[in-house]
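# Overview (structure and organization)
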Amino acid sequence: MLFYSFFKSLVGKEVTVELKNDLAITGTLHSVDQYLNIKLNDIFVTEQEKYPHLLSVKNCFIRGSVVRYVRLPAEEIDHQLLQDTARKEAESNRTNATA
């Protein structure tokens, strides 16, 4: 749930999604769901000469299972908040496992 909540806070920001087949797509994050499926608007492919058939595509839906990386704008990342949230979630999981 940590990443889902984090990605929801980035809606409206420009991100680059690299797929497992080496295709990288940059666009504005429109939505994300609990499976980390991603919907991008106003997309463009970073290697246009390699994928010319995608030049006319403006919006896309990316299944979470095919995502390798998501590159985020550095200025949008609150490192302290992520670390604190990850610590709390790990502590909660430890507490639930021992109960």
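Residues numbered from 1 in each chain as written. Predicted model: local features only at pLDDT ≥ 70, side-chain atom pairs only at ≥ 80, totals over all residues. Heavy atoms only, no water.

Per an unreviewed UniProt entry, the recorded name for the chain is U6 snRNA-associated Sm-like protein LSm2, and the organism is Oikopleura dioica. UniProt, in the comment section headed Function (unreviewed entry), describes the chain in these words: "Binds specifically to the 3'-terminal U-tract of U6 snRNA." The chain has a UniProt comment under Sequence similarities (unreviewed entry) that states "Belongs to the snRNP Sm proteins family." (UniProt positions renumbered as here; feature names shortened; annotations may be inferred.)

This part covers the environment of Tyr4. If you trace the backbone, Tyr4 turns up in helix H1 (residues 2-8). Overall, Tyr4 belongs to the buried group, its relative accessible area being 19%. Sequence-distant contacts of Tyr4, defined by excluding residues within four places in its chain, comprise Val32, Asp33, Gln34 and Leu36. (Helix = DSSP H or I, 4+ residues; strand = E, 2+ residues; numbered from the N terminus. Buried < 20%, exposed > 50% of the residue type's maximum accessible area, 1.4 Å probe, protein only. Contact = heavy atoms within 4.5 Å.)

Our next topic: the pattern of salt bridges. Summed over all chains, the structure comprises four salt bridges. The partner of Arg68 in a salt bridge is Glu18, with the nearest N and O atoms 3.0 Å apart. Taken together, the positions of Arg68 in strand E5 (residues 67-71) and Glu18 in strand E1 (residues 14-19) put the pair 50 residues apart, joining distant regions of the chain. Arg68 sits in the partly exposed class, given a relative accessible area of 34%. The buried category is assigned to Glu18, whose relative accessible area is 16%. Taken together, the shared-partner salt bridges connect Glu18, Asp22, Arg68 and Arg71 into one network. (Salt bridge = Lys/Arg side-chain N within 4 Å of Asp/Glu carboxyl O.)

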